[in-house]
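Descriptive structure summary
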Amino acid sequence: MSHVFPRFSNIEFPVAVKGDGPYIIDREGNRYLDACGGAGISCLGHSEPAVIKAIQDQVAKLEFAYAMFYTSEPAELLADDLVSDAPAGMTRVLYGCGGSEQMDGTLKMARQYFVDIGQPRRTRFIARRQSYHGATLGSLSVSGHFKRREIYAPLLADAEHISPCYAYRGRRDGETEMDYGLRVADELEEALLRVGPETVIGFVAETIVGATAGCVPPTPGYFKRVREICDKYGALLIMDEVMCGLGRTGARWACWQEGVTPDLLVVAKGLGAGYQPISATLVSDKIFEAINGARGTFMHGHSYQAHAVACAAALAVQRVIRERNLIANAQTQGESLMRLLEDRFRNHPHVGDIRGRGLFIGLELTQDRETKEPFDPALNLWLKVMLKGMEFGLMCYPGGGTADGTKGDHVLLAPPFNINSGHVEEIVEKLAHTFDSVFKQVSLS
Ligand SMILES: Cc1ncc(COP(=O)(O)O)c(C=O)c1O
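The paragraphs below set out a description of the structure included in this document. In every chain, residue numbers begin from 1 and rise along the written sequence. Reporting in this predicted model follows two pLDDT cut-offs: at least 70 for local features of residues, and 80 or more for side-chain atom pairs to be given and counted; totals over whole chains, interfaces and linings ignore these cut-offs and use all residues. Side-chain measures here rest on the full set of heavy atoms in the structure, leaving out hydrogens and waters.

1. What to know about the overall build of the protein
Which entries qualify depends on this criterion: The helix count covers DSSP runs of H or I at least four residues long, the strand count covers runs of E at least two residues long, and both are numbered beginning at the N terminus. Only C-alpha atoms enter the radius of gyration, while the globule expectation follows 2.2 Å times N to the 0.38, with N the number of residues. Think of it in three bands: with a 1.4 Å probe and only protein chains considered, a residue is buried below 20% of the maximum accessible area for its type, exposed above 50%, and partly exposed in between.
Within the protein one finds 15 helices and 15 strands. Here the C-alpha atoms of the protein give a radius of gyration of 21 Å, agreeing with the 22 Å that 2.2 N^0.38 yields for 445 residues. Overall size of the protein, expressed as C-alpha extent along the three principal axes, is 65 × 60 × 45 Å. Counting every position in the protein, which comprises 445 residues, the buried fraction comes to 56%.

Laid out in structure tokens, this is it:
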């Protein structure tokens, strides 16, 4: 009997023992094509020699030096690497060990900034429904997915949630994408005025919504309008690129594709690509200078922050991506994956929407593609898709509550950036088999 506390206690999962490029191999020798990088994490696949060597070399040299006493060569080099092409004005890097922890630290940094510049009345965040920013109490407070918040709601900090920018479900008949985006962006101004702009620290948003809504890109002009509103009321713009950043969308920073620069930019999954747990916040000079000038210390820290081995691994990951031009490959393979998915599922009775950017693609599943009616949540369709996919040797990352936090199902695809056209075809074939089998089972039940 296993003594591990698992994610699902009524499902027996295979024991993963080995990686082979984009495949994970279990103890029985079954191979799973990792079409989702876990949860958008493994952007280099599973056995990249350059990263393995960087980890081995760093452990042999120095495994750890506590960040309150030392900096380290890998931490410095990685920060240089990130800042070298960061959005304008982002000059400092705060490290952590994962997305949720990083979001918490970032929210605290935003709060400290206002205290340190003499605006202590700013205590609230505004965020969006259908968003996910993490599982810790702080990051869950800004997350807007009903089911993930439900049982912890009494423990969460107060945050305002406005509509997501989710054109598939929110755009009205006859409304252009641009008009829709501006309408939902303007909800930010309404929320600021409702709660009092002098009490708001900032607006928190995933540049492209990942886990909870299934790769929903913003409509054109949405984030530019959001930036204007934040500037008008002196609120910070905090962009969460934990899942969509560092190349996944075909650009190093997803916010580049929106033409905006946030004040704080959070990345995690693709930073260490699963080789080590690591996350980072790119901090604008204005925030660093304020905190540095006021008290010279950020009132926050973790034991493993700026871990030397994690930084060495992440540095190797980022170098491999750059040297092999893998962001361009993510863009090219993403376009062909999107094309094949559209060819295959455009008229599928239960695929309502196919969306995304680069190698970050979501398929929203509907009971009725005309009315967009979701499946009964009691069916747990998303889980059936995940388990059936594994039977066919495909790892995809499905989620439920897509439409409104309770109803709706989607499948998220986020394969490694170094896949080739053969892998792309294999993903689509295996997904088609998975859908055939799951929908047959559902229609018989
Ligand atoms: C956008 C976003 N933010 C934060 C998190 C939390 O990251 P982690 O699971 O590494 O704690 C996730 C995880 O899926 C995410 O997708």
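2. Let's talk about helix H14 (residues 381–391)
We count it as follows: The contact criterion used throughout is that any non-hydrogen atoms of two residues lie within 4.5 Å.
Those residues of H14 lying buried are Leu381, Leu383, Val385, Met386, Lys388, Gly389 and Met390. Summarising the contacts, the buried residues of H14 are in contact with strand E3 (31–34), strand E12 (360–365), strand E13 (394–395), strand E14 (397–400), strand E15 (409–413) and helix H15 (421–444). Remark: Gly393 follows H14 within two positions and exhibits a positive phi of approximately 80°.

3. Structural notes on the site of the ligand
This is how the line gets drawn: For each residue, the test is whether any non-hydrogen atom lies within 4 Å of the molecule or strand; if one does, the residue is near. For this analysis, a polar contact is any N or O atom pair within 3.5 Å, provided that within protein one partner can donate a hydrogen and the other can accept it, and provided that sequence-adjacent residues contribute only side-chain to side-chain pairs. Three residue categories are used. Nonpolar comprises Ala, Val, Leu, Ile, Met, Phe, Trp, Tyr, Cys and Pro, charged comprises Asp, Glu, Lys and Arg, and polar comprises the others, including Gly.
What surrounds the ligand is the set Gly98, Gly99, Ser100, Tyr132, His133, Gly134, Glu206, Asp240, Val242, Met243 and Lys269. For the ligand, an oxygen atom lies 2.8 Å from a polar atom in the backbone of Gly99. Between the ligand and Tyr132, the relevant distance is 3.5 Å, taken from a nitrogen atom to a main-chain nitrogen or oxygen of the residue. Residues of the shell around the ligand, tallied by class, amount to three nonpolar, five polar and three charged.

4. Topic: the pattern of salt bridges
What counts here: Salt bridges, as used here, are contacts in which a Lys or Arg side-chain nitrogen is within 4 Å of a carboxyl oxygen on Asp or Glu.
A complete count under the given rule lists 30 salt bridges for this structure. Among the ionic pairs, Arg322 bridges to Asp85, the shortest N-O distance being 4.0 Å. Placement of Arg322 in helix H12 (residues 308–323) and of Asp85 in the loop between helix H3 (73–84) and strand E4 (90–96) is noted, with a sequence separation of 237 residues between them. The class for Arg322 is partly exposed, based on a relative accessible area of 41%. Asp263 serves as the salt-bridge partner of Arg227, at 2.9 Å between the closest nitrogen and oxygen. Separated by 36 residues along the polypeptide, Arg227 in helix H9 (residues 222–233) and Asp263 in the loop between strand E8 (236–241) and strand E9 (264–267) bring together distant segments of the chain. Given a relative accessible area of 13%, Arg227 falls into the buried group. When its relative accessible area of 6% is taken as the criterion, Asp263 is described as buried.

5. Considering the layout of surface pockets
Defined as follows: Each cavity reported here is a set of points on a 1 Å grid over the protein atoms alone in which a 1.4 Å probe fits but cannot get out, each pocket an open set with protein on both sides within 12 Å along at least five of seven lines, and each lining residue one with an atom within 4 Å of a point. Grid points are joined across faces, edges and corners, and a volume is the space filled by probe spheres set on the points.
Put simply, the second largest pocket is a space of about 900 Å³. Elements with a contribution of two residues or more to the lining of the second largest pocket: H3, E4 and helix H11 (285–294). With five residues, E4 is the single largest residue contributor to the lining of the second largest pocket. Per-class residue counts for the lining of the second largest pocket are 16 nonpolar, nine polar and two charged.

6. What to know about the packing of H14 against H15
Stated formally: Whenever a helix is involved, its axis is fitted only over the stretch in contact; in every case the axis is a line through C-alpha atoms, and angles between N-to-C directions fall within 0 to 180 degrees. Oblique is the label for any angle not under 35 degrees, not over 145, and not in the 65 to 115 range, which are roughly parallel, roughly antiparallel and roughly perpendicular in turn. Helix crossings are classified by the rotation of the near helix relative to the far one: an anticlockwise turn of less than a right angle makes the crossing left-handed, while a clockwise turn makes it right-handed.
Interhelical geometry of H14 versus H15 gives an angle of 135° and a closest axis separation of 9 Å. Relative to H15, the element H14 is oriented oblique. Read as a crossing pair, H14 and H15 show a hand that is right-handed. Contacts between H14 and H15 pair Leu381, Lys384, Val385, Lys388 and Gly389 from the former with Thr434, Phe435, Ser437, Val438, Phe439, Gln441 and Val442 from the latter. Among the residues making up the contact of H14 with H15, the classes are represented as six nonpolar, four polar and two charged.

7. Some thoughts on the side chain of Arg128
For clarity, the threshold we go by: Positive charges are assigned to Lys and Arg, negative charges to Asp and Glu, while His and the chain termini are left out of the count.
Along the chain, the position of Arg128 falls in strand E5 (residues 124–128). Within the buried core, Arg128 has no salt-bridge partner, and the shortest N-O distance to an opposite charge, that of Glu206, equals 5.5 Å. A distance of 2.8 Å separates a polar atom in the side chain of Arg128 from the backbone oxygen of Glu206.

8. Points about the sheet that holds E8
Filter applied, for reference: Each pair of strands is called paired provided DSSP finds at least two bridges between the two strands.
Sheet architecture is open: seven strands sit in the order E4-E10-E9-E8-E7-E5-E6, paired in mixed fashion. The outermost strands of the open sheet, each flanked by one partner alone, are E4 and strand E6 (159–162). When the angles between neighbouring strand axes are averaged without regard to direction, this sheet yields 20°. In this sheet, E6 lies alongside E5 in parallel orientation, the contact comprising four bridges. For Ile126, the partnering residue across the bridge sits in E6 and is Glu160. Contacting E4, E8, E9 and strand E10 (279–284), H11 crosses the sheet at an angle of about 85° to E10.

9. A short note on the nonpolar core
To keep things clear, this is the line we draw: Joining through side-chain atoms within 4.5 Å is the link that ties buried Ala, Val, Leu, Ile, Met, Phe, Trp, Tyr and Cys residues into a set, and such a set is a nonpolar core.
Counting 51 residues, the largest nonpolar core has Leu78, Tyr95, Leu188, Phe203, Val226, Trp253 and Leu271 as its most contacted members. Counting residues per element, this core draws most heavily on helix H8 (residues 177–195), at seven residues. The contact partners of Tyr95, leaving out residues within four places of it in the chain, are Ala75, Leu78, Ala79, Gln102, Ile278, Ser279, Ala280, Gln305, Ala306 and Cys311.

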